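In case you want the letters, here they are:
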Amino acid sequence: MQTRRLGRTNHLSSMVIFGGAALWNIDQEGANAALDLALAAGINHLDVAPQYGVAEDRLGPWLDSRRDQFFLGCKTLERTREGAWTQLHESLKKLHTNRVDLHQLHAITTFEELNLALAPGGAMEALIAAQEQGLTRYLGITGHGLQAPAIQMEALRRFDFDTVMFPINPALYANPDYRRDAEQLLQLCAAQDVGVMVIKSVAKGPWKAQEKRYNTWYEPYDVQEKISRHVRFALSQPAVTGIAAAGEVHILPLIIQAVEHFQPMNPRTQEAMVEESKASEPLFV
């Protein structure tokens, strides 16, 4: 699998990042099979969070003998120093390791949350302490929602984060405000050598009234042609290192195949996809 440099971390990350949410409610045998597939495909970057059901419990035993083969990212939804510090140590225990490579403020969706996390006594103090003590090498921030790019630009003005993670897909780019902010964030990341990871690249839209067929909170595309086009779109944006695979093990092989055959998408085709997506129901409102 092709790799790209994750900003100033200098890690050559696989263009598919294994999204730990895929292990949300799976048994160990199923988790091992998904992780074995990822390893065989050349995925060398794992992303997990305490909020992903039993993901840490399933990843830890499998990772135990393979820790040095992977760049490991973890996250915290805690907004206080004490809460984030306690949660990191719980994660390390479950993951069978004494350090992660990247620790991230998770799902900062409002400016108020950003203020809490970066205030005195906030979670950012725990992340900085973890870096100083060798529990993590790099620090990042993730976000969902229509404000995510704007919030992350502000975050980068206030702290020198090593990475960001936020959604990119044609439907979001059909929102002119989101696209403006996302493109400005990508420019800022390129200028500051900040690594960029993308989520929701294959999100089709909200589930609405239909029965959920997958674990993801949104409905993902599940046809190879659609997935390949949307993966190409996301990976063709400037400064993007890789995409986090959807939180569903059955979608993972399709995403891997899409990246294995990746070719950059020309601007004209990108604009056509954005135009087509204007009729889609928005994922975030």
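Residues numbered from 1 in each chain as written. Predicted model: local features only at pLDDT ≥ 70, side-chain atom pairs only at ≥ 80, totals over all residues. Heavy atoms only, no water.

Attention now goes to the overall build of the protein chain. When you go through the protein chain residue by residue, the secondary structure sums to eleven helices and twelve strands. In terms of overall dimensions, the protein chain is globule-like: its C-alpha atoms have a radius of gyration of 18 Å, near the 19 Å expected for 285 residues. Viewed in the frame of its principal axes, the protein chain has a C-alpha envelope of about 50 × 45 × 40 Å. By the burial criterion, 56% of the 285 residues in the protein chain qualify as buried. The long-range share in the protein chain, meaning contacts at least 24 apart out of those at least 6 apart in sequence, stands at 74%. When the accessible surface of the protein chain is split by element, carbon and sulfur atoms take 50% of a total near 11800 Å². (Helix = DSSP H or I, 4+ residues; strand = E, 2+ residues; numbered from the N terminus. Rg over C-alpha atoms; globule rule 2.2 N^0.38 Å. Buried < 20%, exposed > 50% of the residue type's maximum accessible area, 1.4 Å probe, protein only. Contact = heavy atoms within 4.5 Å. Areas by Shrake-Rupley, 256 points an atom, 1.4 Å probe, with all protein chains shown as cover.)

Quick look at the pattern of salt bridges now. Inspection of every chain in the model, using the stated rule, returns 21 salt bridges. Its salt-bridge partner being Glu-125, residue Arg-81 comes within 3.5 Å of it at the nearest N-O pair. Here Glu-125 lies in helix H5 (residues 123-132) and Arg-81 lies in helix H3 (residues 81-94), a separation of 44 residues in the sequence. A relative accessible area of 39% means that Arg-81 is categorised as partly exposed. Across the salt bridge formed by Glu-154 and Arg-157, the nearest N and O atoms sit 3.5 Å from each other. Placement of the pair is Glu-154 and Arg-157 together in helix H6 (residues 148-158), with a separation of three residues, close to one helical turn. What makes Glu-154 partly exposed here is its relative accessible area of 25%. Overall, Arg-157 belongs to the exposed group, its relative accessible area being 57%. (Salt bridge = Lys/Arg side-chain N within 4 Å of Asp/Glu carboxyl O.)

On to the packing of H3 against H5, then. At their nearest, the axes of H3 and H5 sit 6 Å apart, and the two run at 45 degrees to each other. Classified by the angle between their axes, H3 and H5 sit oblique to one another. Of the two elements, H3 crosses H5, and the hand of that crossing is right-handed. Mapping the contact onto sequence places Arg-81, Ala-84, Trp-85 and Leu-88 in H3 and Ala-123, Glu-125, Ala-126, Ala-129 and Ala-130 in H5. (Axes fitted to C-alpha atoms, helices over the stretch in contact; angles between N-to-C directions. Parallel < 35°, antiparallel > 145°, perpendicular 65-115°, else oblique. Left-handed = near helix turned anticlockwise from the far one by under 90°.)

Moving on, we come to the sheet that holds strand S9 (residues 195-199). Spatially, S3-S4-S5-S6-S7-S8-S9-S12 is the arrangement adopted by the eight strands of the closed barrel, whose pairing is parallel. On average, adjacent strands in this sheet sit at an angle of 30 degrees to one another, irrespective of strand direction. (Pairing = 2+ DSSP bridges.)

As a further point, take the nonpolar core. With 90 residues, the main nonpolar core has Phe-18, Leu-59, Leu-105, Phe-166 and Ile-255 as its most contacted residues. The residues touching Leu-105, leaving out its near neighbours within four places in the chain, are Thr-76, Ala-117, Leu-118, Ala-123, Met-124, Leu-127, Gly-140, Ile-141, Thr-142 and Phe-161. Judged by nonpolar contacts, the second largest core, of nine residues, contains Ile-17, Leu-102, Met-165 and Met-197. (Core = buried A, V, L, I, M, F, W, Y, C linked by side-chain atoms within 4.5 Å.)

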